[in-house]
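Chains, contacts and geometry: an overview
Here is how the chains run, residue by residue.
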Amino acid sequence: MPAWLPRAMVLALALYACFQLGSWAFHQLIGLLINILIAFFLALAIEPAVSRMSARGVRRGLATFLVFLVVLIAVAGFVALLGSMLAGQIVDMVEEFPKYLDSVINWINQNFHTDLSRVEVQDSLLHSDWLQKYVQNSATGVLDVSTTVLSGLFRLLTIFLFSFYFAADGPRLRRALCSMLPPARQAEVLRAWEIAVDKTGGFLYSRGLMALISGIAHYILLVILGVPYAPALAVWVGLVSQFIPTIGTYLAGALPMLIAFTVDPWYALWVLGFVVIYQQFENYVLQPKLTSKTVDIHPAVAFGSVIVGTALLGAVGALIAIPAVATLQAFLGAYVKRYDVTDDPRVHGRHLWRRGESVLPRSRGVATRAPGGDGDADSERPNVPDPQA
(Lines give C-alpha, C1' and ligand atoms only; values in the text may rest on other atoms or scores of the structure.)
Protein backbone atom coordinates (compact mmCIF):
# COMPACT_ATOMS: atom_id res chain seq x y z
CA MET A 1 0.00 0.00 0.00
CA PRO A 2 1.43 3.44 -0.91
CA ALA A 3 2.46 5.62 1.99
CA TRP A 4 0.13 8.45 0.92
CA LEU A 5 -3.01 6.28 0.80
CA PRO A 6 -3.78 6.21 4.58
CA ARG A 7 -3.41 9.99 4.78
CA ALA A 8 -5.67 10.41 1.75
CA MET A 9 -8.33 8.17 3.29
CA VAL A 10 -8.22 10.07 6.59
CA LEU A 11 -8.45 13.36 4.71
CA ALA A 12 -11.43 12.12 2.66
CA LEU A 13 -13.23 10.93 5.81
CA ALA A 14 -12.51 14.25 7.54
CA LEU A 15 -13.88 16.22 4.57
CA TYR A 16 -16.99 14.04 4.46
CA ALA A 17 -17.53 14.55 8.19
CA CYS A 18 -17.16 18.32 7.78
CA PHE A 19 -19.63 18.27 4.89
CA GLN A 20 -22.18 16.35 6.96
CA LEU A 21 -21.70 18.68 9.92
CA GLY A 22 -22.08 21.76 7.71
CA SER A 23 -25.19 20.34 6.05
CA TRP A 24 -26.75 19.58 9.45
CA ALA A 25 -25.93 23.07 10.76
CA PHE A 26 -27.33 24.69 7.61
CA HIS A 27 -30.63 22.83 7.90
CA GLN A 28 -30.85 23.74 11.58
CA LEU A 29 -30.16 27.43 10.93
CA ILE A 30 -32.12 27.87 7.71
CA GLY A 31 -34.96 29.59 9.54
CA LEU A 32 -32.58 32.12 11.08
CA LEU A 33 -30.84 32.68 7.74
CA ILE A 34 -34.16 33.41 6.02
CA ASN A 35 -35.06 35.87 8.79
CA ILE A 36 -31.72 37.63 8.34
CA LEU A 37 -32.29 37.80 4.58
CA ILE A 38 -35.73 39.37 5.09
CA ALA A 39 -34.26 41.81 7.60
CA PHE A 40 -31.51 42.79 5.16
CA PHE A 41 -33.99 43.64 2.38
CA LEU A 42 -36.19 45.50 4.86
CA ALA A 43 -33.16 47.53 5.93
CA LEU A 44 -32.41 48.30 2.28
CA ALA A 45 -35.99 49.48 1.84
CA ILE A 46 -35.81 52.04 4.66
CA GLU A 47 -32.21 53.05 3.89
CA PRO A 48 -33.16 56.13 1.78
CA ALA A 49 -35.43 57.57 4.49
CA VAL A 50 -32.86 56.95 7.22
CA SER A 51 -30.07 58.48 5.11
CA ARG A 52 -32.11 61.65 4.41
CA MET A 53 -32.86 62.14 8.11
CA SER A 54 -29.23 61.45 9.00
CA ALA A 55 -28.05 64.01 6.43
CA ARG A 56 -30.22 66.65 8.18
CA GLY A 57 -28.46 66.15 11.51
CA VAL A 58 -30.52 63.39 13.11
CA ARG A 59 -28.53 60.57 14.61
CA ARG A 60 -28.74 57.44 12.52
CA GLY A 61 -30.01 55.26 15.36
CA LEU A 62 -32.74 57.76 16.23
CA ALA A 63 -33.68 58.15 12.57
CA THR A 64 -34.03 54.38 12.19
CA PHE A 65 -36.15 54.21 15.33
CA LEU A 66 -38.45 56.99 14.08
CA VAL A 67 -38.94 55.28 10.71
CA PHE A 68 -39.79 51.97 12.36
CA LEU A 69 -42.10 53.74 14.81
CA VAL A 70 -44.07 55.34 11.97
CA VAL A 71 -44.36 51.99 10.18
CA LEU A 72 -45.48 50.19 13.34
CA ILE A 73 -48.07 52.86 14.20
CA ALA A 74 -49.51 52.71 10.68
CA VAL A 75 -49.69 48.90 10.72
CA ALA A 76 -51.16 48.76 14.23
CA GLY A 77 -53.80 51.37 13.40
CA PHE A 78 -54.79 49.57 10.23
CA VAL A 79 -55.03 46.19 12.00
CA ALA A 80 -57.09 47.70 14.84
CA LEU A 81 -59.47 49.38 12.39
CA LEU A 82 -59.98 46.20 10.40
CA GLY A 83 -60.28 44.09 13.56
CA SER A 84 -63.08 46.21 15.00
CA MET A 85 -64.85 46.32 11.64
CA LEU A 86 -64.55 42.57 11.16
CA ALA A 87 -65.77 41.81 14.69
CA GLY A 88 -68.85 44.00 14.21
CA GLN A 89 -69.65 42.45 10.85
CA ILE A 90 -69.31 38.92 12.21
CA VAL A 91 -71.75 39.72 15.01
CA ASP A 92 -74.23 41.18 12.52
CA MET A 93 -73.85 38.20 10.23
CA VAL A 94 -74.47 35.73 13.08
CA GLU A 95 -77.58 37.62 14.12
CA GLU A 96 -78.88 37.76 10.55
CA PHE A 97 -77.87 34.21 9.65
CA PRO A 98 -81.40 32.74 10.05
CA LYS A 99 -82.72 35.33 7.60
CA TYR A 100 -80.01 34.48 5.06
CA LEU A 101 -80.69 30.77 5.50
CA ASP A 102 -84.40 31.30 4.96
CA SER A 103 -83.77 33.23 1.75
CA VAL A 104 -81.45 30.52 0.42
CA ILE A 105 -83.93 27.75 1.32
CA ASN A 106 -86.79 29.61 -0.34
CA TRP A 107 -84.75 30.06 -3.50
CA ILE A 108 -83.90 26.35 -3.56
CA ASN A 109 -87.55 25.37 -3.00
CA GLN A 110 -88.77 27.64 -5.79
CA ASN A 111 -86.18 26.61 -8.38
CA PHE A 112 -85.79 22.91 -7.60
CA HIS A 113 -89.34 22.18 -6.34
CA THR A 114 -88.18 20.88 -2.98
CA ASP A 115 -89.78 21.12 0.46
CA LEU A 116 -86.94 22.09 2.78
CA SER A 117 -87.31 23.91 6.08
CA ARG A 118 -84.81 25.81 8.20
CA VAL A 119 -85.42 23.65 11.27
CA GLU A 120 -84.57 20.47 9.38
CA VAL A 121 -81.43 21.98 7.90
CA GLN A 122 -80.27 23.26 11.31
CA ASP A 123 -80.88 19.87 12.97
CA SER A 124 -79.02 18.02 10.22
CA LEU A 125 -76.09 20.39 10.54
CA LEU A 126 -75.93 20.25 14.34
CA HIS A 127 -76.11 16.46 14.46
CA SER A 128 -73.77 15.81 11.53
CA ASP A 129 -70.60 13.79 12.08
CA TRP A 130 -68.32 16.21 10.26
CA LEU A 131 -69.36 19.09 12.55
CA GLN A 132 -68.62 17.08 15.67
CA LYS A 133 -65.24 16.02 14.30
CA TYR A 134 -64.47 19.63 13.38
CA VAL A 135 -65.28 20.82 16.92
CA GLN A 136 -63.08 18.09 18.43
CA ASN A 137 -60.18 18.90 16.12
CA SER A 138 -60.56 22.61 16.85
CA ALA A 139 -60.48 21.96 20.59
CA THR A 140 -57.33 19.85 20.35
CA GLY A 141 -55.69 22.32 17.93
CA VAL A 142 -55.92 25.36 20.22
CA LEU A 143 -52.49 24.63 21.67
CA ASP A 144 -50.97 24.26 18.19
CA VAL A 145 -52.48 27.58 17.12
CA SER A 146 -51.11 29.30 20.22
CA THR A 147 -47.66 27.86 19.57
CA THR A 148 -47.78 29.01 15.94
CA VAL A 149 -48.80 32.53 16.98
CA LEU A 150 -46.01 32.78 19.56
CA SER A 151 -43.40 31.50 17.10
CA GLY A 152 -44.65 33.99 14.51
CA LEU A 153 -44.33 36.87 16.97
CA PHE A 154 -40.82 35.77 17.92
CA ARG A 155 -39.85 35.55 14.25
CA LEU A 156 -41.29 39.01 13.59
CA LEU A 157 -39.33 40.42 16.53
CA THR A 158 -36.14 38.81 15.23
CA ILE A 159 -36.64 40.32 11.77
CA PHE A 160 -37.24 43.80 13.19
CA LEU A 161 -34.19 43.62 15.45
CA PHE A 162 -31.85 42.55 12.65
CA SER A 163 -33.29 45.08 10.21
CA PHE A 164 -32.89 47.83 12.83
CA TYR A 165 -29.23 46.97 13.31
CA PHE A 166 -28.62 46.70 9.56
CA ALA A 167 -30.18 50.12 8.93
CA ALA A 168 -28.75 51.91 11.99
CA ASP A 169 -25.24 50.51 11.55
CA GLY A 170 -25.24 50.55 7.75
CA PRO A 171 -22.10 52.71 7.38
CA ARG A 172 -20.26 50.66 9.99
CA LEU A 173 -21.28 47.42 8.27
CA ARG A 174 -20.10 48.69 4.89
CA ARG A 175 -16.84 49.85 6.43
CA ALA A 176 -16.30 46.43 8.01
CA LEU A 177 -16.91 44.67 4.70
CA CYS A 178 -14.65 47.03 2.77
CA SER A 179 -11.83 46.68 5.32
CA MET A 180 -11.42 43.03 4.27
CA LEU A 181 -11.09 43.84 0.55
CA PRO A 182 -8.52 45.66 -1.61
CA PRO A 183 -9.39 49.20 -2.76
CA ALA A 184 -10.50 48.05 -6.25
CA ARG A 185 -12.97 45.58 -4.78
CA GLN A 186 -14.25 48.09 -2.24
CA ALA A 187 -15.68 50.27 -5.00
CA GLU A 188 -17.50 47.25 -6.44
CA VAL A 189 -19.03 46.35 -3.06
CA LEU A 190 -20.22 49.91 -2.49
CA ARG A 191 -21.64 50.02 -6.03
CA ALA A 192 -23.52 46.75 -5.46
CA TRP A 193 -24.89 48.07 -2.16
CA GLU A 194 -26.12 51.26 -3.83
CA ILE A 195 -27.77 49.28 -6.65
CA ALA A 196 -29.49 47.02 -4.10
CA VAL A 197 -30.91 50.02 -2.25
CA ASP A 198 -32.15 51.55 -5.50
CA LYS A 199 -33.77 48.36 -6.82
CA THR A 200 -35.40 47.47 -3.51
CA GLY A 201 -36.87 50.95 -3.27
CA GLY A 202 -38.13 50.67 -6.85
CA PHE A 203 -39.76 47.33 -6.09
CA LEU A 204 -41.57 48.74 -3.05
CA TYR A 205 -42.62 51.75 -5.11
CA SER A 206 -44.11 49.49 -7.79
CA ARG A 207 -45.92 47.41 -5.17
CA GLY A 208 -47.28 50.54 -3.54
CA LEU A 209 -48.50 51.86 -6.89
CA MET A 210 -50.19 48.55 -7.72
CA ALA A 211 -51.77 48.54 -4.25
CA LEU A 212 -53.16 52.03 -4.93
CA ILE A 213 -54.60 50.99 -8.31
CA SER A 214 -56.10 47.82 -6.85
CA GLY A 215 -57.61 49.70 -3.92
CA ILE A 216 -59.22 52.30 -6.19
CA ALA A 217 -60.69 49.63 -8.50
CA HIS A 218 -62.17 47.61 -5.64
CA TYR A 219 -63.41 50.78 -3.91
CA ILE A 220 -65.41 51.71 -7.01
CA LEU A 221 -66.97 48.24 -7.09
CA LEU A 222 -67.86 48.27 -3.39
CA VAL A 223 -69.40 51.73 -3.64
CA ILE A 224 -71.51 50.67 -6.62
CA LEU A 225 -72.75 47.61 -4.72
CA GLY A 226 -73.40 49.64 -1.58
CA VAL A 227 -71.11 47.56 0.64
CA PRO A 228 -70.29 49.27 3.96
CA TYR A 229 -66.74 50.17 5.02
CA ALA A 230 -65.72 50.50 1.38
CA PRO A 231 -62.58 52.67 2.04
CA ALA A 232 -61.18 50.32 4.69
CA LEU A 233 -61.93 47.27 2.56
CA ALA A 234 -60.25 48.88 -0.46
CA VAL A 235 -57.10 49.58 1.57
CA TRP A 236 -57.19 46.00 2.85
CA VAL A 237 -57.42 44.55 -0.65
CA GLY A 238 -54.67 46.78 -2.00
CA LEU A 239 -52.11 46.12 0.74
CA VAL A 240 -52.74 42.43 1.41
CA SER A 241 -52.89 41.42 -2.26
CA GLN A 242 -49.58 43.13 -3.06
CA PHE A 243 -47.42 42.60 0.01
CA ILE A 244 -48.41 39.03 0.95
CA PRO A 245 -47.24 36.74 -1.87
CA THR A 246 -49.00 33.61 -3.11
CA ILE A 247 -52.00 33.65 -0.74
CA GLY A 248 -52.39 37.42 -0.48
CA THR A 249 -54.97 37.58 -3.26
CA TYR A 250 -57.22 35.05 -1.58
CA LEU A 251 -56.93 36.70 1.84
CA ALA A 252 -57.61 40.10 0.31
CA GLY A 253 -60.75 38.94 -1.53
CA ALA A 254 -62.22 36.90 1.33
CA LEU A 255 -62.99 39.87 3.59
CA PRO A 256 -64.90 41.97 1.00
CA MET A 257 -66.86 38.86 0.03
CA LEU A 258 -67.78 38.30 3.69
CA ILE A 259 -68.95 41.88 4.17
CA ALA A 260 -70.81 41.86 0.85
CA PHE A 261 -72.59 38.65 1.91
CA THR A 262 -74.07 40.50 4.88
CA VAL A 263 -75.68 42.97 2.46
CA ASP A 264 -76.82 40.52 -0.20
CA PRO A 265 -75.57 36.96 -0.83
CA TRP A 266 -75.48 37.66 -4.57
CA TYR A 267 -73.14 40.61 -4.01
CA ALA A 268 -70.52 38.16 -2.72
CA LEU A 269 -70.56 36.44 -6.12
CA TRP A 270 -70.13 39.80 -7.86
CA VAL A 271 -67.12 40.58 -5.66
CA LEU A 272 -65.64 37.13 -6.32
CA GLY A 273 -65.98 37.53 -10.08
CA PHE A 274 -64.42 41.00 -10.00
CA VAL A 275 -61.49 39.79 -7.87
CA VAL A 276 -60.77 36.92 -10.28
CA ILE A 277 -60.98 39.14 -13.39
CA TYR A 278 -58.89 41.93 -11.88
CA GLN A 279 -56.27 39.45 -10.72
CA GLN A 280 -55.83 38.15 -14.26
CA PHE A 281 -55.54 41.73 -15.56
CA GLU A 282 -52.96 42.53 -12.91
CA ASN A 283 -50.90 39.37 -13.46
CA TYR A 284 -50.72 39.54 -17.24
CA VAL A 285 -51.00 43.28 -18.03
CA LEU A 286 -50.38 45.62 -15.12
CA GLN A 287 -47.73 43.90 -13.02
CA PRO A 288 -45.25 42.94 -15.81
CA LYS A 289 -45.35 46.43 -17.33
CA LEU A 290 -45.16 48.33 -14.06
CA THR A 291 -42.50 46.11 -12.52
CA SER A 292 -40.34 46.33 -15.62
CA LYS A 293 -40.52 50.15 -15.49
CA THR A 294 -39.70 50.61 -11.79
CA VAL A 295 -37.29 47.72 -11.27
CA ASP A 296 -35.96 47.82 -14.87
CA ILE A 297 -36.17 44.11 -15.69
CA HIS A 298 -38.01 42.32 -18.46
CA PRO A 299 -41.56 41.17 -17.58
CA ALA A 300 -40.68 37.57 -18.42
CA VAL A 301 -37.63 37.77 -16.13
CA ALA A 302 -39.78 39.23 -13.36
CA PHE A 303 -42.34 36.45 -13.72
CA GLY A 304 -39.68 33.74 -13.87
CA SER A 305 -37.83 35.13 -10.85
CA VAL A 306 -41.00 34.96 -8.76
CA ILE A 307 -41.51 31.32 -9.77
CA VAL A 308 -37.91 30.44 -8.92
CA GLY A 309 -38.03 32.35 -5.62
CA THR A 310 -41.23 30.57 -4.62
CA ALA A 311 -39.72 27.18 -5.44
CA LEU A 312 -36.58 27.92 -3.39
CA LEU A 313 -37.82 29.87 -0.35
CA GLY A 314 -41.61 29.81 -0.59
CA ALA A 315 -43.47 33.03 0.16
CA VAL A 316 -40.28 34.79 1.27
CA GLY A 317 -38.58 33.97 -2.02
CA ALA A 318 -41.55 35.26 -3.99
CA LEU A 319 -41.40 38.57 -2.10
CA ILE A 320 -37.67 39.25 -2.48
CA ALA A 321 -37.08 37.56 -5.85
CA ILE A 322 -37.70 40.60 -8.04
CA PRO A 323 -35.45 43.10 -6.17
CA ALA A 324 -32.72 40.44 -5.84
CA VAL A 325 -32.77 39.62 -9.56
CA ALA A 326 -32.92 43.31 -10.49
CA THR A 327 -29.90 44.02 -8.29
CA LEU A 328 -27.94 41.12 -9.78
CA GLN A 329 -28.86 42.13 -13.34
CA ALA A 330 -27.87 45.77 -12.81
CA PHE A 331 -24.60 44.79 -11.12
CA LEU A 332 -23.62 42.33 -13.85
CA GLY A 333 -24.68 44.77 -16.57
CA ALA A 334 -22.02 47.20 -15.39
CA TYR A 335 -19.27 44.66 -16.10
CA VAL A 336 -20.54 42.96 -19.25
CA LYS A 337 -18.85 44.30 -22.39
CA ARG A 338 -21.34 45.29 -25.08
CA TYR A 339 -20.81 45.85 -28.83
CA ASP A 340 -22.59 47.88 -31.49
CA VAL A 341 -25.26 45.91 -33.32
CA THR A 342 -24.95 45.73 -37.10
CA ASP A 343 -27.68 47.33 -39.20
CA ASP A 344 -29.19 44.03 -40.29
CA PRO A 345 -32.90 43.86 -41.20
CA ARG A 346 -33.20 40.66 -39.21
CA VAL A 347 -32.49 42.62 -36.04
CA HIS A 348 -35.74 44.52 -36.58
CA GLY A 349 -37.68 41.34 -37.39
CA ARG A 350 -37.83 41.92 -41.14
CA HIS A 351 -37.60 39.18 -43.74
CA LEU A 352 -34.72 38.87 -46.16
CA TRP A 353 -37.05 38.96 -49.21
CA ARG A 354 -39.47 41.80 -49.77
CA ARG A 355 -41.20 43.13 -52.89
CA GLY A 356 -39.48 40.62 -55.12
CA GLU A 357 -35.99 41.80 -54.15
CA SER A 358 -33.34 39.99 -52.22
CA VAL A 359 -31.20 41.72 -49.66
CA LEU A 360 -28.69 38.90 -49.67
CA PRO A 361 -25.16 40.05 -50.42
CA ARG A 362 -23.98 39.73 -54.01
CA SER A 363 -22.09 36.51 -54.61
CA ARG A 364 -20.58 34.85 -57.63
CA GLY A 365 -23.16 33.42 -60.02
CA VAL A 366 -26.14 34.64 -57.91
CA ALA A 367 -28.45 37.43 -59.01
CA THR A 368 -29.07 40.43 -56.83
CA ARG A 369 -32.70 40.65 -57.92
CA ALA A 370 -35.25 37.87 -57.63
CA PRO A 371 -36.74 36.31 -60.77
CA GLY A 372 -39.78 38.18 -61.96
CA GLY A 373 -38.37 41.64 -61.28
CA ASP A 374 -37.76 44.46 -63.73
CA GLY A 375 -34.92 44.30 -66.29
CA ASP A 376 -33.46 41.57 -68.45
CA ALA A 377 -34.58 38.22 -67.15
CA ASP A 378 -31.69 36.34 -68.79
CA SER A 379 -29.06 38.55 -67.16
CA GLU A 380 -30.71 38.32 -63.76
CA ARG A 381 -31.45 34.57 -63.65
CA PRO A 382 -29.21 32.69 -61.19
CA ASN A 383 -26.39 30.67 -62.77
CA VAL A 384 -27.73 27.19 -61.97
CA PRO A 385 -27.65 24.09 -64.21
CA ASP A 386 -30.80 23.31 -66.24
CA PRO A 387 -32.42 20.13 -64.87
CA GLN A 388 -33.63 19.22 -68.42
CA ALA A 389 -30.19 19.54 -70.00
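In the block above lies the structure referred to throughout.
This write-up is about the structure you can find in this document. Remember, predicted model here, so these are calculated numbers, not experimental data. (Residues numbered from 1 in each chain as written. Predicted model: local features only at pLDDT ≥ 70, side-chain atom pairs only at ≥ 80, totals over all residues. Heavy atoms only, no water.)

**Details of the overall build of the chain**
- From N to C terminus, the chain includes 14 helices and two strands.
- Among the 389 residues that make up the chain, the fraction classed as buried is 27%.
- In the chain, once contacts between residues fewer than 6 apart in sequence are set aside, the share between residues at least 24 apart is 61%.
- Of the roughly 26500 Å² of accessible surface on the chain, a fraction of 68% belongs to carbon and sulfur atoms. (Helix = DSSP H or I, 4+ residues; strand = E, 2+ residues; numbered from the N terminus. Buried < 20%, exposed > 50% of the residue type's maximum accessible area, 1.4 Å probe, protein only. Contact = heavy atoms within 4.5 Å. Areas by Shrake-Rupley, 256 points an atom, 1.4 Å probe, with all protein chains shown as cover.)

**Describing the nonpolar core**
- In this structure, I38, L44, I46, V50 and V316 are the most contacted members of the largest nonpolar core, which totals 19 residues.
- Contributing elements (two or more residues each) for this core: α1 (4-55), α2 (60-95), α6 (142-168), α8 (183-225) and α13 (315-333).
- The biggest single contributor to this core is α1, with eight residues.
- Apart from the residues lying within four places of it in its own chain, the contact partners of L44 are W193, A196, V197 and T200.
- Of all hydrophobic cores here, the second largest spans eleven residues; its members include L225, L233, A260 and V271. (Core = buried A, V, L, I, M, F, W, Y, C linked by side-chain atoms within 4.5 Å.)

**Let's talk about α1**
- In this model α1 runs just 63 Å from its N-terminal to its C-terminal C-alpha over 52 residues, more than 12% under the 76 Å that 1.5 Å per residue would give.
- By the largest-angle criterion, L29 marks the main kink of α1, which is about 55°.
- Three or more residues of α1 are buried, namely I34, N35, I38, A39, F41, A43, L44, A45, I46, E47 and V50.
- Positive phi appears at G57, one or two residues downstream of α1, with a value of about 105°. (Expected span 1.5 Å × (residues − 1). Bend = angle between axes of the 7 residues up to and from the residue.)

**Quick look at a nonpolar patch on the surface**
- A cluster of nonpolar side chains, namely W107, F112, W266, L269, W270, L272 and V276, defines an oily patch on the protein surface of about 800 Å² accessible area.
- Of all the secondary-structure elements, those providing two or more residues to the nonpolar patch are α3 (97-112) and α11 (265-295).
- A total of five residues in the nonpolar patch trace back to one element, the largest contributor, which is α11.
- Here F112 shows up in helix α3. (Patch = residues over 30% accessible without salt bridge, like charges linked within 9 Å, V, L, I, M, F, W, Y side chains within 5 Å. Salt bridge = Lys/Arg side-chain N within 4 Å of Asp/Glu carboxyl O.)

**Description of the pattern of salt bridges**
- Per the stated rule, a full pass over the model turns up three salt bridges.
- Note that E47 is salt-bridged to R60, the shortest N-O span being 2.7 Å. Of the two residues, E47 sits in helix α1 while R60 sits in helix α2, which places them 13 residues apart along the sequence.
- A salt bridge links E47 to R174, with the nearest nitrogen and oxygen atoms 3.6 Å apart.

**Side note on the packing of aromatic side chains**
- Tallied over the full model, the rule gives nine aromatic pairs.
- On the basis of an interplanar angle of 85° and a centroid distance of 6.1 Å, the ring pair of F40 and F166 is categorised as edge-to-face. Here F40 is found in helix α1, whereas its partner F166 is found in helix α6, with 126 residues between them in sequence.
- One aromatic cluster is present, formed by F40, F41, F162, F166 and W193 through successive ring pairs. (Phe/Tyr/Trp six-rings, centres within 6.5 Å; stacked < 30°, edge-to-face > 60°.)

**Comments concerning the packing of helix α9 (residues 230-243) against helix α10 (residues 248-263)**
- Viewed as axis vectors pointing N to C, α9 and α10 meet at an angle of 165°, and their least axial separation amounts to 7 Å. Here α9 lies roughly antiparallel to α10, going by the angle between them. As α9 packs across α10, the resulting crossing turns out to be right-handed. Where α9 approaches α10, its residues L233, W236, V237, V240 and S241 are matched on the opposing element by G248, T249, L251, A252, L255, P256 and I259. (Axes fitted to C-alpha atoms, helices over the stretch in contact; angles between N-to-C directions. Parallel < 35°, antiparallel > 145°, perpendicular 65-115°, else oblique. Left-handed = near helix turned anticlockwise from the far one by under 90°.)

**Here we look at the environment of L290**
- Among the secondary structure elements, L290 is positioned in helix α11.
- For L290, a relative accessible area of 14% translates into the label buried.
- Note: C-alpha distance between L290 and F203 (87 residues apart in sequence) is 9.7 Å.
- If sequence neighbours within four positions are ignored, L290 has contacts with S206, L209 and M210.

**Comments concerning the packing of α8 against α9**
- Axis separation between α8 and α9 bottoms out at 7 Å; the angle between their running directions is 145°. In terms of crossing hand, the pair formed by α8 and α9 is right-handed. For the pair α8 and α9, contact is made by L204, R207, G208, M210, A211, S214, G215, H218, Y219, L222 and V223 and by A230, P231, L233, A234, V237, G238, L239, S241, Q242 and F243, respectively.
- Its residues assigned to classes, the contact of α8 with α9 comprises 13 nonpolar, seven polar and one charged. (Nonpolar A, V, L, I, M, F, W, Y, C, P; charged D, E, K, R; others polar.)

**Considerations on the side chain of E282**
- Secondary-structure assignment places E282 in helix α11.
- At 5.5 Å, R207 is the nearest oppositely charged side chain to E282, a buried residue that forms no salt bridge.
- Every residue in contact with E282, bar those within four places of it in the chain, is listed here: S214, Q242, Q287 and P288. (Lys, Arg positive; Asp, Glu negative; His and termini not counted.)

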